[in-house]
Amino acid sequence: MKQKKIGFTGLGLIGGSIAKAIRRYYPDYEIVAFDKNRETLALATQESIINVACTSIDDNFRGCNYIFLCAPVAFNTAYLKQMMPYLHDDMILTDVGSVKTPIHDEIIRLGLEDYFIGGHPMAGSEKSGFANSKPILIENAYFVLTPSAKVAKKKVDAYASFVESLRALPIVLDYHEHDIVTGTISHLPHIIAASLVNFVRDTDTKDELMKTLAAGGFKDITRIASSSPTMWEHICAQNQSNISQILGNYIETLNEAKKLVDAGDSQGIYDMFDHSRNYRNSMPNGSAGPIKRAFEIYCDIPDEAGVIATIATILASNALSIKNIGIVHNREFEEGVLRIEFYDSISCEKAVALLQKHRYIVYER
C-alpha cells in the first residue's frame, strides 16, 4: 500500500492499540492524533507511534485517508461536527464503539453517511489507557464493520482489507443487528455476572461461607463482573432498548427452567443441560469474541514446599510471562490443583508443551 495518513481522536486502550498495529505493519504511514490527555500524547510521541500530537481537532486532520473516533460514544458524536471540515470523498470515517446505533443516528442526522463505516474491534482488557495498549490486542479478534446505507462498497472492501492486514478478522453487519448480537452475547452476560455476584453477596451467610467457597466454576462464570462499572453504565444506557428486550426474553428462559425444576421434569432438565453442552462445545476457540478469553491451564502438583516456585522458574527461564498463578481450593468442577493464567494463547500453548516435557500433568480449558 502507498503511504497513507491516519487520524485518531482518543488514544486509549483501543485507539492506542490500533495505532500501534498500524505503526507495526505500516511504519511509513503518517499518524495524527488528538487526545485530551497531554501525557498520553507525549507518551505516544515518545514511542514514535504518532507523528503529530494535537491538543484540538484542527487542520492537522486535513487529508486523512482514515479517521478513527476512539473516544467514548458521547464524545465521538460531539466530535463529528468538528471533523466535518476535514472530510473528503476518498476517506473513511469510523469509530470503535461497542454500541453502534447512537453514532449511526448522528451520522444520518448530519448527512455523513457517504463517509462512515462503523467499527467495533471485539477485544479489550481489564486495564485501560494508552500505557496498556499493544499492537497485538486486535490480532485474531473479530472486527465488526457496520457500513452506513450510502457508503460505497469499494470503501467497505478497502476497510475490510485494511483491518485484515492488521491481523484482525473483519465481519460486516448491519448496525441494528450488531447491537442485538452484542447485546445478547456480551452485554447480557455482563449483567448476569454482576447480578449473580450481587445475589451471592446479598444472600451470603454471616461468616461469608459462600464467598469463601466460591471458586472454580463460580469465579469463571462471574469473571467479567470485575469489568469497569462506568463503561457498563454507558453501554446499558446506549443499548437500552435492545438490552431491555433481551433481558425480558432471558427472564422467560429462567422461568422455563424454574418450571422444569418445580415439576421435577427429569427429561426436560436433562435436555436443557444436554442442548447447552452440545451448543457450547460447537463454539470455535480460534478467535477472540466480545468477552475476553482467559488463557489458562491447570496443573496437578503435590503439596510440597517450593513446587510453585519450581514451575514459575521453568516458565520464566523460557521467557513465558505469568499473568496470575494460584492454588484452586474448590475443585468441584475443575481438574488440576494449580491454575496458571497467561497473557496470550501462544504463551499458553508453549507452557503446556514445556510443563508436559517436565512430566507435569496439564489440563487445558
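Every value quoted in this text rests on a predicted model; they were computed, and no experiment measured them.

A. Here's a closer look at the overall build of the chain. Helix and strand counts for the chain stand at 13 helices and twelve strands. Along the longest, intermediate and shortest principal axes, the C-alpha atoms of the chain span 65 × 55 × 40 Å. Expressed as a percentage of its 365 residues, the buried residues of the chain come to 41%. Long-range contacts, defined as pairs at least 24 residues apart, comprise 72% of the intrachain contacts of the chain with a sequence gap of at least 6. Computed over 37 positive and 44 negative side-chain charges, the separation of the two mean positions in the chain equals 5 Å.

B. Broad picture of unusual backbone geometry. Backbone geometry places Ala319, a non-glycine residue, at a positive phi of 60 degrees. Along the chain, Ala319 falls in the loop between α12 (307–316) and β10 (322–327). One non-glycine residue, Arg359, lies in the positive phi region at around 70 degrees. Checked against the element boundaries, Arg359 lands in the loop between α13 (345–357) and β12 (362–364). Residue Arg359 is classed as exposed on the basis of its relative accessible area, which comes to 77%.

C. Region of the structure containing the pattern of salt bridges. This structure, assessed with the given rule, holds twelve salt bridges. Put simply, Asp157 and Lys153 hold a salt bridge, and the shortest N to O gap is 2.8 Å. Pair noted here: Asp157 and Lys153 are both in helix α5 (residues 153–165), with a separation of four residues, about one helical turn. On the basis of relative accessible area, Asp157 is assigned to the partly exposed category, the value being 38%. Residue classification places Lys153 among the exposed residues on the basis of a relative accessible area of 59%. Of the charged contacts, one joins Glu341 and Lys323 as a salt bridge, the two residues approaching to 3.8 Å between their closest N and O atoms. Remark: Lys323 occurs in strand β10 and Glu341 occurs in strand β11 (residues 338–342); sequence separation between them is 18 residues.

D. How the structure looks around a nonpolar patch on the surface. Together, Ile308, Ile325 and Ile327 make up an exposed nonpolar region whose accessible area comes to about 190 Å². Mapped onto the secondary structure, Ile308 falls in helix α12.

E. Spotlight on the sheet that holds β12. Across the sheet, which stays open at both edges, the four strands sit in the order β10-β11-β9-β12 with antiparallel pairing between neighbours. Looking along the sheet, the strands with just one partner apiece sit at the ends: β10 and β12. Looking at each pair of strands side by side, their axes are set apart by 20 degrees on average, direction ignored. Pairing analysis gives five bridges linking strand β9 (residues 295–299) to β11, with the strands arranged antiparallel. Along β11, the bridge assignment pairs Cys299 with Leu338. Relative to β11, α12 is tilted by about 25 degrees, and along the sheet it contacts β9, β10 and β11. Running at roughly 15 degrees to β9, α13 makes contact with β9, β11 and β12 of the sheet.

F. Main features of the sheet that holds strand β7 (residues 142–147). Overall, mixed pairing links the three strands, which are arranged β6-β7-β8 in an open sheet. Unpaired on one side and paired on the other, β6 (117–121) and β8 (169–172) mark the two borders of the sheet. Across the sheet, the mean angle separating the axes of adjacent strands is 25 degrees when strand polarity is ignored. Of the strand pairs in this sheet, β7 and β8 are connected by four bridges, and their pairing is parallel. Note on β8: the bridge partner recorded for Leu145 is Val172. The strands that α5 touches are β6, β7 and β8; relative to β7, the one it contacts most, it runs at about 165 degrees.

G. Spatial organisation of helix α3 (residues 73–83). Val73, Asn76, Tyr79, Leu80 and Met83 are the residues of α3 that are buried. Burial along α3 is one-sided: seen end-on, the buried residues are contained in an arc of 125 degrees. Those residues of α3 that are exposed and angled more than 90 degrees off the buried face are Ala74 and Lys81. For α3, the secondary structure elements touched by its buried residues are β1 (5–9), β2 (30–34), β4 (66–69), β5 (92–95), α4 (101–110) and α9 (229–238).

H. A look at the packing of aromatic side chains. Tallying each qualifying case throughout the model produces nine aromatic pairs. Note on Phe8 and Phe68: the rings are 5.1 Å apart at their centroids and 10 degrees apart in plane angle, and the pair reads as stacked. In this pair, Phe8 sits in strand β1 while Phe68 sits in strand β4, placing the two residues 60 residues apart along the sequence. By relative accessible area, Phe8 is classed as buried at 0%. The exposure class assigned to Phe68 is buried, which follows from its relative accessible area of 1%. Consider the rings of Phe68 and Tyr159, whose centres lie 6.3 Å apart with planes at 70 degrees: the pair is edge-to-face. Pair noted here: Phe68 is in strand β4 and Tyr159 is in helix α5, with a separation of 91 residues, a long-range link. In this structure, Phe68 and Tyr159 share a single accessibility class: buried. Through pairs of rings, three or more aromatic residues link up here, namely Phe8, Tyr26, Tyr29, Tyr66, Phe68, Phe143, Tyr159 and Phe162. Over the ring of Phe130 we find Lys20, and its NZ or CZ is 4.5 Å from the ring centre.

Thresholds, definitions, all that
Residues numbered from 1 in each chain as written. Predicted model: local features only at pLDDT ≥ 70, side-chain atom pairs only at ≥ 80, totals over all residues. Heavy atoms only, no water. Helix = DSSP H or I, 4+ residues; strand = E, 2+ residues; numbered from the N terminus. Buried < 20%, exposed > 50% of the residue type's maximum accessible area, 1.4 Å probe, protein only. Contact = heavy atoms within 4.5 Å. Lys, Arg positive; Asp, Glu negative; His and termini not counted. Charge placed at Lys NZ, Arg CZ, Asp CG, Glu CD. Salt bridge = Lys/Arg side-chain N within 4 Å of Asp/Glu carboxyl O. Patch = residues over 30% accessible without salt bridge, like charges linked within 9 Å, V, L, I, M, F, W, Y side chains within 5 Å. Areas by Shrake-Rupley, 256 points an atom, 1.4 Å probe, with all protein chains shown as cover. Pairing = 2+ DSSP bridges. Axes fitted to C-alpha atoms, helices over the stretch in contact; angles between N-to-C directions. Arc of directions from axis to C-beta. Phe/Tyr/Trp six-rings, centres within 6.5 Å; stacked < 30°, edge-to-face > 60°. Lys NZ or Arg CZ within 6 Å of the ring centre and 35° of its normal.

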